[in-house]
Amino acid sequence: MRLFVAVDVDEMVRERVKPALEKFVELSGIKAVEPENLHITLLFLGEVNEGRVGEIEDSLSSIEFEPFKIAFHGMGAFPNPKSPRVVWIGVKENGELTKLANAVYGKLRRLGFKRDKDFSAHLTIARVKRKNPQVVELIKEHSSDSFGEMEVKNFKLKQSILKPQGPVYKDLRVFGYED
């Protein structure tokens, strides 16, 4: 099973992001994230034996946190806006989201999971498959846009099921407060 731990984006933010997303959908060489799949990855676990899901859930269930707010502002790209591979919307937070991501990593590191890079709060909205100069222009156009804010009340252990038309995400377990 291909697993990751994430915070889903709420409906209001999703609606605010959609107009920008739709511009990326129209571009060639770009794979935009489906609106229903928008999330902030706290930790990517990769391929995991189904028999390990219980121990992962047990470890994650011991994480305690109070709900907190995050805001979505600006647009950029990894590795940089002039040579984009991944297009993202910035996540402004007061350290609580990073603290949550570090708590998730702390618990799952004990089970042998590793980070490929330090946590950087962002919302991936598109992947660049082939260079397209219009992407650079769109990033510039939305670089100071605000996409709303939301309260983070929970995080989820999710399964990514890869299909030819794109990934389908399935919630395996919700941790924290119910919506």
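Computed from a predicted structure; not experimentally measured. (Residues numbered from 1 in each chain as written. Predicted model: local features only at pLDDT ≥ 70, side-chain atom pairs only at ≥ 80, totals over all residues. Heavy atoms only, no water.)

A. Quick look at the overall build of the protein chain. Looking only at helices and strands, one finds four helices and nine strands in the protein chain. Principal-axis analysis of the C-alpha atoms places the extent of the protein chain at approximately 45 × 35 × 25 Å. For the protein chain, contacts bridging at least 24 residues in sequence account for 77% of all contacts bridging at least 6. When the accessible surface of the protein chain is summed, it comes to about 9700 Å², and 48% of that surface belongs to carbon and sulfur atoms. Distance from the positive charge centre (29 side chains) to the negative charge centre (27 side chains) of the protein chain: 6 Å. (Helix = DSSP H or I, 4+ residues; strand = E, 2+ residues; numbered from the N terminus. Contact = heavy atoms within 4.5 Å. Areas by Shrake-Rupley, 256 points an atom, 1.4 Å probe, with all protein chains shown as cover. Lys, Arg positive; Asp, Glu negative; His and termini not counted. Charge placed at Lys NZ, Arg CZ, Asp CG, Glu CD.)

B. Quick look at the sheet that holds strand E3 (residues 39-47). The four strands are arranged E3-E1-E8-E9 in an open sheet whose pairing can be described as antiparallel. Each end of this open sheet is capped by a strand with a single partner; those strands are E3 and strand E9 (166-176). For this sheet, the mean angle separating the axes of adjacent strands, direction not counted, is 25°. Inspection of the sheet shows strand E8 (residues 154-163) paired to E9 by 10 bridges, in the antiparallel sense. Across the sheet, the residue bridging to Phe155 is Phe175, located in E9. (Pairing = 2+ DSSP bridges. Axes fitted to C-alpha atoms, helices over the stretch in contact; angles between N-to-C directions.)

C. Representation of helix H3 (residues 96-109). With 14 residues, H3 extends 19 Å between its outermost C-alpha atoms, agreeing within 8% with the 20 Å of an ideal straight helix rising 1.5 Å per residue. Among all positions in H3, only Leu97, Leu100, Ala101, Val104, Tyr105, Gly106 and Leu108 are buried. (Expected span 1.5 Å × (residues − 1). Buried < 20%, exposed > 50% of the residue type's maximum accessible area, 1.4 Å probe, protein only.)

D. Expanded view of helix H2 (residues 53-61). What H2 keeps buried is the set Val53, Ile56, Glu57, Ser59 and Leu60. One face of H2 carries all of its buried residues, which in axial projection span an arc of 165°. Each element contacted by the buried residues of H2 is listed here: strand E1 (2-8), E3, H3, E8 and E9. (Arc of directions from axis to C-beta.)

E. Looking closely at the pattern of salt bridges. Summed over the entire model, instances satisfying the criterion amount to 13 salt bridges. Of the charged contacts in the structure, one is a salt bridge between Lys117 and Asp116, with a shortest N-O distance of 3.6 Å. The shortest N-O distance in the salt bridge between Asp171 and Lys156 comes to 3.2 Å. Separated by 15 residues along the polypeptide, Asp171 in strand E9 and Lys156 in strand E8 bring together distant segments of the chain. Judged by relative accessible area, Lys156 falls into the buried class, the value being 12%. In this structure, a network of salt bridges that share partners links the residues Asp8, Lys156, Lys158 and Asp171. (Salt bridge = Lys/Arg side-chain N within 4 Å of Asp/Glu carboxyl O.)

F. Looking closely at the environment of Leu38. Assignment of secondary structure puts Leu38 in the loop between strand E2 (30-32) and E3. Ignoring any residue separated from it by four or fewer positions in sequence, one finds Leu38 in contact with Asp8, Val9, Arg14, Val17, Leu21, Val33, Leu123, Thr124 and Ile125.

G. The packing of H2 against H3, seen in detail. Relative orientation of the contacting elements H2 and H3 amounts to 135°, with a least axis distance of 9 Å. The orientation of H2 relative to H3 falls into the category oblique. In the packing of H2 onto H3, the handedness of the crossing is right-handed. Taken together, the residues of H3 that come into contact with H2 (itself represented by Ile56, Ser59 and Leu60) are Val104, Lys107 and Leu108. Tallied by class, the residues present in the contact of H2 with H3 amount to four nonpolar, one polar and one charged. (Parallel < 35°, antiparallel > 145°, perpendicular 65-115°, else oblique. Left-handed = near helix turned anticlockwise from the far one by under 90°. Nonpolar A, V, L, I, M, F, W, Y, C, P; charged D, E, K, R; others polar.)

H. Region of the structure containing the layout of surface pockets. The space that makes up the largest pocket amounts to roughly 1100 Å³. As for the largest pocket, its lining consists of 35 residues, of which His39, Thr41, Phe44, Thr124 and Arg127 are closest to the centre. Of all elements in the fold, only E1, E2, E3, strand E6 (122-128), E8 and E9 reach the threshold of two or more residues within the lining of the largest pocket. It is E3 that contributes the most residues to the lining of the largest pocket, six residues altogether. When the residues that make up the lining of the largest pocket are grouped by side-chain class, the tally is 16 nonpolar, nine polar and 10 charged. (1 Å grid on protein atoms, 1.4 Å probe; cavity = no way out; pocket = protein on both sides within 12 Å on 5 of 7 lines; lining within 4 Å. Points joined across faces, edges and corners; volume = space filled by probe spheres on them.)

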